[in-house]
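# Secondary and tertiary structure notes
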Amino acid sequence: MCRVIDILLRLPLCSHDDGAVDGLQIDKDRVADAGSDKFGGIAMDPMITAAARALAAGDPLGALNWVALRDDAPGLALRGIAMARLGDLARAKALLRSAARAFGPNQPVARARCVVAEAEIALASRDLGWPAKALDAARATLEQRGDRANAAHAGHLEVRRLLLIGRLDEAERKLAVLDPSPLAPASRVSHDLVVAGIAMRRLRTKVARTALARAERAARQVGIPALTAEVESASRVLNTPAARLIAHGQQRLILLDEVEALLASPALVVDACRHLVRDAGTVVLLQTRPVLFALVRAMAEAWPADVSRGALVARAFRAKHADESHRARLRVEIGRLRQQLRALATVSATKQGFALVPRRANPVVVLARPVEDRHAALLGLLADGESWPSSALALALGAGQRTVQRALDTLAAAGKVQSFGAGRARRWMIPPVPGFPTTLLLPSYAGE
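What this report covers is the structure whose coordinates are included nearby. Nothing here was measured: the structure is a model prediction, and the numbers come from that model. (Residues numbered from 1 in each chain as written. Predicted model: local features only at pLDDT ≥ 70, side-chain atom pairs only at ≥ 80, totals over all residues. Heavy atoms only, no water.)

## Re helix 14 (residues 309-317)
Because an α-helix packs 3.6 residues into every turn, residues spaced three or four apart end up facing the same way. Rules: Burial here depends on accessible area, computed with a 1.4 Å probe over protein chains only, as a share of the maximum for the residue type. Under 20% is buried, over 50% is exposed, and the range in between is partly exposed. Runs of E in the DSSP output that reach at least two residues are strands. Runs of H or I that reach at least four are helices, and both are numbered from the N terminus. Think of the arc as the fan of directions from the helix axis to the C-beta atoms. For this analysis, residues touch if any pair of their heavy atoms sits within 4.5 Å.
Among the residues making up helix 14, those that are buried are L312, V313, A316 and F317. Looking straight down helix 14, one finds that the buried residues subtend no more than 100° of arc, so they occupy a single side. Looking at the buried side of helix 14, the elements it contacts are helix 13 (290-302), strand 10 (307-308), helix 15 (324-340) and strand 12 (353-358). Looking one or two places after helix 14, you find R318, whose phi comes out positive at around 55°.

Written out as structure tokens, the structure reads:
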């Protein structure tokens, strides 16, 4: 479960000057601005304060003991946060919307906080189509009214969303201008997880490990088990195979730091995760040329040997028998491949077929996904253990929703995914099984 909900827990949540409610001391390190008696301009009372303290300590059931029957605006908001912490995201979203309406136009800060909290719930439930404009407006309101902590948190929500849908360039740009200093300890964990997530997708494993170490320390200080579990889950990714290395007819699973070292080496790498060919200085993209990529991969897997014309025809054109028309087409595609790879390698004709010859004396290897499946990218997203709506999967993959739905139906028939709910509430998930395809080496969008 995602880190829900941190918003509103950093707000003024105390109603007594002595900082006590029913003999319990307010923890001023855990509840921000504990000396105030306002909630976005609304006077607080002991029950609201006690519920807020319980949530700040990671005790949603204790919070509900105080506000389960409250229908005023602060009570609705805190009930929504508690339900989100307990995993009932649909109920949490409804409660926060009711709270935003109950606060009314005269409490813009409180309403904005509810909007940001609802956005975090949407992110946790993989509802990636929620209106970004509403979040931007809420963030602007919070900045204008001096709530820098929640404004910074809102900015990080947008970065997390961009990371989920593979828009790494945009996510990095937005993260670079965000100031993490106003963030409360729980949100510092979130910030470091975002930094680590981007670093892992960029194959900067040292940066990722450093960020995860900071996140682990911050999570221990906060003392919320869900945050600690999320940091541990993110850390396991670095110790889980991210790809398969195929060379000289043999293959083995490799970790992300090994992938990073490989791509920095002089080797000529045929990257089957992102459909490109590269060495340490040059990258040739073949995402839109599947036939050419199939040909170069077949020759790379056989390197330094050649591949027969019949095998290349079967691999690239999926033809069982190579006739003269197939051979003619193969000659045309080999010519196109030579043109594409001219800076990296040449394709030499042999008596039996063709062989890949790097221009520099470098080894040739193939980098493939841990498990190759027609729908590997889709499985990679679902392998995070969360439940996804098909609309969010389509957004993250840059594909049409009907295309994604057909793929999900195929995977469901094969027993690889499960769904629950119906209509727009239908969601898809798989258990996080080791060896499933990973999202780490998926192509990113936004101009990369």
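## Here's the deal with the pattern of salt bridges
Going by this rule: Within this document, salt bridges are pairs made up of a side-chain nitrogen of Lys or Arg and a carboxyl oxygen of Asp or Glu, the two lying within 4 Å of each other.
Per the counting criterion, the structure on display carries 23 salt bridges. Note that E143 and R139 form a salt bridge whose closest N and O atoms lie 3.5 Å from each other. Of this pair, E143 and R139 are both found in helix 6 (residues 132-144), four residues apart, which corresponds to roughly one turn of the helix. Note that R336 is salt-bridged to E333, the shortest N-O span being 3.1 Å. Of this pair, R336 and E333 both sit in helix 15, three residues apart, which is roughly one turn of the helix. For R336, a relative accessible area of 41% translates into the label partly exposed. Through salt bridges with shared partners, one network takes in D169, E172, R202 and R204.

## Quick notes on the packing of helix 14 against helix 15
Here is the rule we go by: Here an axis means a line fitted to C-alpha atoms, over the contact stretch when the element is a helix, while the angle between two N-to-C directions is reported on a 0 to 180 degree scale. Angles are sorted into four bins: roughly parallel if under 35 degrees, roughly antiparallel if over 145, roughly perpendicular if 65 to 115, and oblique for all others. Under the scheme applied here, ten amino acids are nonpolar (Ala, Val, Leu, Ile, Met, Phe, Trp, Tyr, Cys and Pro), four are charged (Asp, Glu, Lys and Arg), and all others, including Gly, are polar.
Closest axis-to-axis distance for the helix 14/helix 15 pair is 10 Å, and the angle between their directions is 80°. With respect to their mutual orientation, helix 14 and helix 15 come out roughly perpendicular. On helix 15, the residues that touch R309, L312, V313 and F317 of helix 14 are H326, R327, R329, L330 and E333. By residue class, the composition of the contact of helix 14 with helix 15 is four nonpolar, one polar and four charged.

## Topic: the nonpolar core
Basically, it comes down to this: Each nonpolar core is a collection of buried residues, namely Ala, Val, Leu, Ile, Met, Phe, Trp, Tyr and Cys, held together in the definition by side-chain atoms within 4.5 Å.
Within the largest apolar cluster, 74 residues are counted, with the highest numbers of intra-cluster contacts made by V189, L378, L382, W388 and L393. L382 has contacts with W388, L393, L408, V417, W428, M429 and I430, leaving out every residue within four places of it along the chain. Ranked by size, the runner-up nonpolar core spans 35 residues in total, among them V270, V291, A300 and V313.

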